Amino acid sequence: MSKIFGKLSANIHQHAKWWIGIILAITIGLAFGLPNLEIKMGNDVFVSNNSAISKDSNKYMHHFGGDSYYIMQSGKQSDILSHDNMQELSKFDRKIRDVDNVRGTTDLVTVMNQELANAGKGKSDSLSGQFDMNNSKLQKDLMNSLSDKQKNKLQNQIQASLTDQQEQQVQKYVAGQLSDQQQQKLQNEIQASLSNQQKQQVQSYVVQNVLNDQQKQQMAQAQQSGSADPAQMQQMMQKALNQQQQVQVQKYTQSILTSKQQAMMQSALNDQQQDSLQKYTMSILNGQQKNSMVKTVVPMLPKVQNMSTALLRDIFLSDNGKVPSEMEQMLPKNGKMNLVLINTSEKASSMDTDVQLNHDINKVIKNANFSDGIKVKLAGQPGILGQIRTEVLSSMITMFAIAIVIMIIVLALIFPVRRRLLALLFVVPSLIWTFGLMGWFDLPITLATMATLPIIIGLGTDFGVQFHNRYEEEFRKRKDAKKAAKESIHKMGPAVGVALIVMTFSFLTLFLSRAPLMQQFGLTLAIGVISSYIVEFSLMFGSLSLLDSDKRKKNKNKKNKQTKIKQPSILSKVLARYANFVTHHAGIVMLIGVVLGVFGFSVEKNIDVETDITKFIPQNMTALKNTKALQNNIGSTTYITYLVDAGDLDVRSQDNIQTIDKLGKKVDNKYSGVTDVQSISSQYKSAGGKLNASQSDIDQQIKLLPKALTSTMISDDHHYATMQFKVKEDLSSADQLILMNKITKTLKHGNGDLKISPAGAQSMMLVAIDNISANHTLIELVGLAVIFVILFLIYKNWRVALYPVVPILIVLGLSPLTLWLIGTPYNPLTITLSALVLGIGTEFTILILERYREEYSKSHDTRKSIVQSVSSVGSAITVSGLTVVGGFTAIMFSNFPILRQFGLITVLDTAYALISALTILPAFIYLLRDRKEEKKNQRNEDTDKIE
C-alpha cells in the first residue's frame, strides 16, 4: 500500500492539473444522473419488493387501487344536509372522477344514487329499510317529491292493496271528513256516475234492507197505480227515507263503487282533508302493505342532488333527529361533517402520481361552488405524501446551507492552517458524485438517504481536514511542496484509506437489515464516503501542489522561506496532558467506560420502535393537520386489510361468502383490539341478503350493491375480496403488529379454499416495524467482526486489530443509553446509528492508532507514544470530529422530526466516538501493551546510551 501511495504522490505533484481536470470531468458526467433522482416515502421503502406481503399488496392495489383521499366538509348541519350542497357534491363527484388515476368516489350522493338506481330490483335492499313510513313528515315529503303521475300510481297501488275492511274504514273516514255541502255535492256526482246495474243494486238493497213496512206499502201502491216512472219512483224512495236510512244507503252505495268512483269521492276533499286521509290510510296499513309501498316509492324518488332539503333531512336524520348508525361514517358529528372518499388507482403509490393528484384534486376543490359556510379540507395518506416532495427539497436546501455555515465557522475558529476552507469547497463535487451515482443506480431519496447530505458534508470535510492538516505539518517542516505532498500522501493516504475501508464495510452491514430503506442508506453512505475520499484526496493534494509549487514560490516574498516552525498549539498541549492523565488512570477509565456500555446494552430492550410515518414528517403540513383533525372527529381510520384470494373460483360462492362471514365474526369476537369488520359478506348482509340463499340470489344481490361501496370489497373478476378489521384508536403500532400476527394465524384455520393474507398500506407499515428492528444486534456484531478482521488482515497483529473495537463497542452501548435517558424511541434512522458509529468511530481510532504505531516505532515507549500521537493527531481529529458534528448539527434544523431526532442523537454519538477515541483507546492500548517487549526495548535503549 505504501508503494502505491508513493507513486501516487509523485504523479499527483507532477500532473496536478490533469488530476483536477479528470475529477471535474467525472463530476460533470455524474451530474447528469441528478435529474433521475426519485423521492420515495411510502411503505415500499421499509418492505422488500420480493416479500410475500409486498407481492400481495401489489396484487391488492391492482384490483382495489391505492390509498384513498378524504375530502372533509364541515359546517352547520343545515348547510351540509341541504339541497344546494348535494347538488354541488354531485358536480364535484363528476369532476373528481375525470381526474387521472381516480377510480371513483364514495359519499352520500354516489352511494344513495346507486342504491336508488338498483332499488326494487332484488329481493331485498338496504335503502328501503331506512324509510320509516310511520313518520308523517317523511310521508308528506316523500309524496311532495313525486310527480302527479307517480302519486296516482302509488294511490292506485295502495287502493288495490286495501282489504275490504280497510276500504270501508277509508270510506267511513272520508265521509266523516266531508261537510254537508261537500256530501250533497258528492252524492249528486256519485248518483250521476252510477250505472244502471248499480242503481238496481241500490234500489234492491233499499227495498229489502232499509224500508219499513209502511214505506214498502206506499211504494207498492205508487207502482201499481202507474202514476210514476222509474226515475220518479227513485226520487219518491229517497224522500221517503229518514236521515238514518239515508246514511245506511250511502254506506251501501259507497261499498259498490268502482275505484274510479271512489277516487272521485276522495277528490272532493280539500288539501288539508287529503293530508288527513293520507295519514289515516297509512295508519291502517299492515307491515306487508307498508313494505310494498316503500318498494314502490323508493325507485320513484329523484336522485339525491334533486331531493328537497326537507326530504334529505328526513332521510339523513331518521333516527329521532340524529344520523342513523349506518350513515355515521359518511356523516360524522351528527351531520355537521360530510366525508367524501376518493378512491385512487394502483399508480397512486408513486410519489409523482401523488403530487399530480394533490394538485388536480385541490384545483377541483378550489373551483367548487360550495356554500360559504362550508369548509372543505383534503386529508389522507396520499395527500400527505403528495406534499412531502416540497418539504424534502426545502429541508435538504436548509440542511445544506446550515451545514456549510457551521463548517465555515468551525474551520475558521479551530483549524489554524492556510486555505482552511479548501476541504469544505471540495465537498461540493463529492456531493455531486454521491447523488449523481444515486440517480444512475436508481437509489431513491428517502427519509434516510436525504440525511446523507449533511453526513457526507461532515465526513467529506473530515477527510479533507486530515489530508490538509498533515500536508501543512509536513510543509512547515520541509518548505517543499513536493516533499510535503509525498510525505503526507505516504502517511495519510493509507491511514485514511484503512479507515475508509472499515467505514465502507461498516455501512454495508446495513444490508443485513430486512428494510430496503436501511439497505439504501448504508449503500448511499458507502458511495458517499468513497466519493469523498477520492475527490478530497485528488483535489486537495493536486490543488496544494499547484498553489505551493516552486514556480509560484519564486514570485512570493522570501519571508516564506524563513517561516518559523510553529510551536504546539494550546489544544495539542491540553490533549497531551489529557492523554498522560488517561494512561496513569487507565484501569479506572476502562472500568467506567465498560460499566456505562454494558448498562446501555441492558436497557436497549426497553426502547420501542416508532414507524408511524405521520410522526416523521413536518407537523405543520396542511394535509397532515387535516388528517389529524379527521381522526379526532371520526375516531380511528386505521384498518388492517387482508386480501382474500379465491384462485380460479368465484369469491361470491355461497361457501366462500359464509366462510368470510364466519372468519370475520371469529376475529371480531376473539380480539378486543378489533372494533369492526368490513367485508363483502357484511355488506351483503346489511342489505338484507341471506347467507343460505340460492347462488343466483346471492349473485344478484351482490350485483345490486352500490359500486361505490363494493369497489374496495370485491374485484371486478370476482376472484378476490378484502376483509378489513378496524382497530382501536389508541392501539400503538407495536400492539397493532402483534394483533395482525394473531389475526393472520386465526385466518389460516377454517378458510376453506380461500387464501387470506395481510396486504395494503397499513399491513405493510406494521411489517416494516419488524423489518426495521430485525437483525439490529446482528448488524452490530458483524460490524465489529468486520472491523477486527479487516484490521487484522492489514496489520497482522491481533492487539492492533482489537484496539479500535473496544472503544467503538462502548460507544454502541452509550447510544441506546442516551435514547433511554431522554425517553426517545428508535425510528428508522436512529436504529441505523450502530453502522454510523462503527464507521465514524473507526476512523477516529484508526487515525490515532496509525500515529501511535508511527511514534512507537521511534520510541518503543507506550505512554510516550500515546501522548505524542494524541497530542499531534488529536487536534486534527478534534477538528475533524467537530466538522462531522457540525454536519450532523445541520440535520437538527430539518423540518422533519425524524431527522431532528436523528441529528441530535448522531451529534451525541459522534461526540462519544471522539471522546472514546481520545480516552478509551489510549487507556486500552496502555492496558493491553506488550510489557515484555516494552521492557526489552527499554533495556536495549539503555544499553545503547551507555555505549
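These figures come from a predicted structure and were not determined experimentally.

*Asks:* I'd love a proper account of the UniProt feature "domain: SSD" (unreviewed entry) in the chain, names of residues and values included.
*Replies:* On the UniProt side, "domain: SSD" (unreviewed entry) is annotated at positions that read residues 421-546 and 808-927 here. In residues 421-546, helix accounts for 83% and strand for 0%; the two terminal C-alpha atoms are 16 Å from one another. With 86% helix and 0% strand, the stretch residues 808-927 has end C-alpha atoms that lie 17 Å from each other.

*Asks:* Describe the sheet that holds strand β2 (residues 102-106), and please don't skip the residues or the numbers.
*Replies:* Taking strand neighbours across the sheet as the criterion, the four strands line up as β2-β3-β1-β4 in an open arrangement whose pairing is antiparallel. Either end of the sheet is taken by a strand with one partner, and the two such strands are β2 and β4 (375-379). Shown here is a sheet whose adjacent strand axes are inclined to one another by a mean of 20°, direction ignored. One ladder, built from four bridges, connects β2 with strand β3 (residues 337-344); its direction is antiparallel. Paired with Thr106 across the bridge in β3 is Leu341. Running at roughly 105° to β4, helix α30 (residues 622-634) makes contact with β1 (69-74), β3 and β4 of the sheet.

*Asks:* Account for the sheet that holds strand β8 (residues 755-758), naming residues and giving values.
*Replies:* Strand order in the open sheet made by the four strands is β6-β7-β5-β8, with antiparallel pairing throughout. In the strand order of this sheet, the two ends are held by β6 (674-679) and β8, each with one partner. The mean inter-strand angle of the sheet, taken between neighbouring strand axes irrespective of direction, is 20°. Where strand β5 (residues 639-645) meets β8, four bridges bridge the pair, whose relative direction is antiparallel. Bridge pairing links Tyr642 to Pro758 in β8. In this fold helix α3 (residues 52-64) packs onto β5, β7 (720-727) and β8, with an angle of close to 105° to the strand it touches most, β7. Sitting on the sheet, helix α31 (residues 654-670) touches β5, β6, β7 and β8, and the angle it makes with β6 is about 170°.

*Asks:* Tell me about the domain arrangement of the chain, and please be specific about residues and values.
*Replies:* When the parts of a complex come together, some accessible area is lost, and that lost area is often used as the size of the interface. Taken domain by domain, the chain comprises domain 1 (1-35 + 388-608 + 774-945) and domain 2 (647-753). A C-alpha centroid distance of 56 Å is found between domain 1 and domain 2.

*Asks:* Provide a residue-level description of the packing of aromatic side chains, including the pertinent values.
*Replies:* Per the stated rule, a full pass over the model turns up 15 aromatic pairs. Geometrically, the ring pair formed by Tyr533 and Phe537 is stacked, given 5.8 Å between the ring centres and 15° between the ring planes. Note that Tyr533 and Phe537 are positioned in helix α26 (residues 516-547) at a spacing of four residues, about one turn of the helix. Across the pair, exposure class does not vary: Tyr533 and Phe537 are buried alike. With a centroid separation of 6.1 Å and 90° between ring planes, the pair formed by Tyr803 and Phe924 is classed as edge-to-face. Separated by 121 residues along the polypeptide, Tyr803 in the loop between α38 (798-802) and α39 (805-822) and Phe924 in helix α42 (residues 897-927) bring together distant segments of the chain. Neither residue differs from the other here; Tyr803 and Phe924 are each classed as buried.

*Asks:* With reference to specific residues and values, describe helix α6 (residues 108-118).
*Replies:* Burial analysis of α6 places nine of its eleven residues in the buried class, the great majority of the element. Among the residues making up α6, those that are buried are Leu108, Val109, Thr110, Val111, Met112, Asn113, Glu115, Leu116 and Asn118. If you check the start of α6, you find a side-chain oxygen 3.1 Å away from the backbone N of Val109, and it comes from Asp107.

*Asks:* An account of unusual backbone geometry is needed here, citing residue identities and associated values.
*Replies:* Backbone geometry at Asn101 places phi at a positive 70°, although glycine is not the residue there. Looking at the secondary structure, you find Asn101 in the loop between α5 (83-97) and β2.

*Asks:* Explain the environment of Leu709 to me, using residue names and the numbers behind them.
*Replies:* Structurally, Leu709 can be placed in helix α34 (residues 707-710). Look at Leu709 and you get buried, because its relative accessible area is 18%. Linking Leu709 and Thr105, residues 604 residues apart in sequence, is a C-alpha distance of 9.2 Å. Excluding anything up to four places from it in sequence, Leu709 contacts Thr106, Val111 and Gln683.

*Asks:* Pulling in residues and values, what's your account of the packing of helix α11 (residues 196-210) against helix α14 (residues 243-255)?
*Replies:* Interaxial distance between α11 and α14 falls to 10 Å at its minimum, and their mutual angle equals 140°. Regarding the angle of α11 to α14, the classification is oblique. In this structure, the crossing between α11 and α14 has a hand that is right-handed. Touching Gln201, Val202, Tyr205, Val206, Asn209 and Val210 of α11 are Gln245, Gln248, Val249, Tyr252 and Thr253, all from α14. Looking at side-chain class alone, the contact of α11 with α14 contains six nonpolar, five polar and no charged residues.

*Asks:* Residues and numbers for the nonpolar core, please.
*Replies:* Judged by nonpolar contacts, the single largest core of 199 residues is most densely connected at Met41 and Ile388. Here this core takes 15 residues from α42, the largest share from any one element. Three or more residues apiece are contributed to this core by two domains, here domain 1 (1-35 + 388-608 + 774-945) and domain 2 (647-753). Apart from the residues within four sequence positions on either side, Ile388 is in contact with Met41, Met351, Ile617, Met621 and Phe896. Counting 64 residues, the second largest nonpolar core, distinct from the first, contains Val297, Phe316, Ala348 and Phe370.

Here is what the cut-offs are and how they apply
- Residues numbered from 1 in each chain as written.
- Predicted model: local features only at pLDDT ≥ 70, side-chain atom pairs only at ≥ 80, totals over all residues.
- Heavy atoms only, no water.
- UniProt positions renumbered as here; feature names shortened; annotations may be inferred.
- Helix = DSSP H or I, 4+ residues; strand = E, 2+ residues; numbered from the N terminus.
- Pairing = 2+ DSSP bridges.
- Axes fitted to C-alpha atoms, helices over the stretch in contact; angles between N-to-C directions.
- Contact = heavy atoms within 4.5 Å.
- Domains from an automatic or database assignment.
- Phe/Tyr/Trp six-rings, centres within 6.5 Å; stacked < 30°, edge-to-face > 60°.
- Buried < 20%, exposed > 50% of the residue type's maximum accessible area, 1.4 Å probe, protein only.
- Polar contact = N/O pair within 3.5 Å; in protein donor to acceptor, adjacent residues only side chain to side chain.
- Parallel < 35°, antiparallel > 145°, perpendicular 65-115°, else oblique.
- Left-handed = near helix turned anticlockwise from the far one by under 90°.
- Nonpolar A, V, L, I, M, F, W, Y, C, P; charged D, E, K, R; others polar.
- Core = buried A, V, L, I, M, F, W, Y, C linked by side-chain atoms within 4.5 Å.

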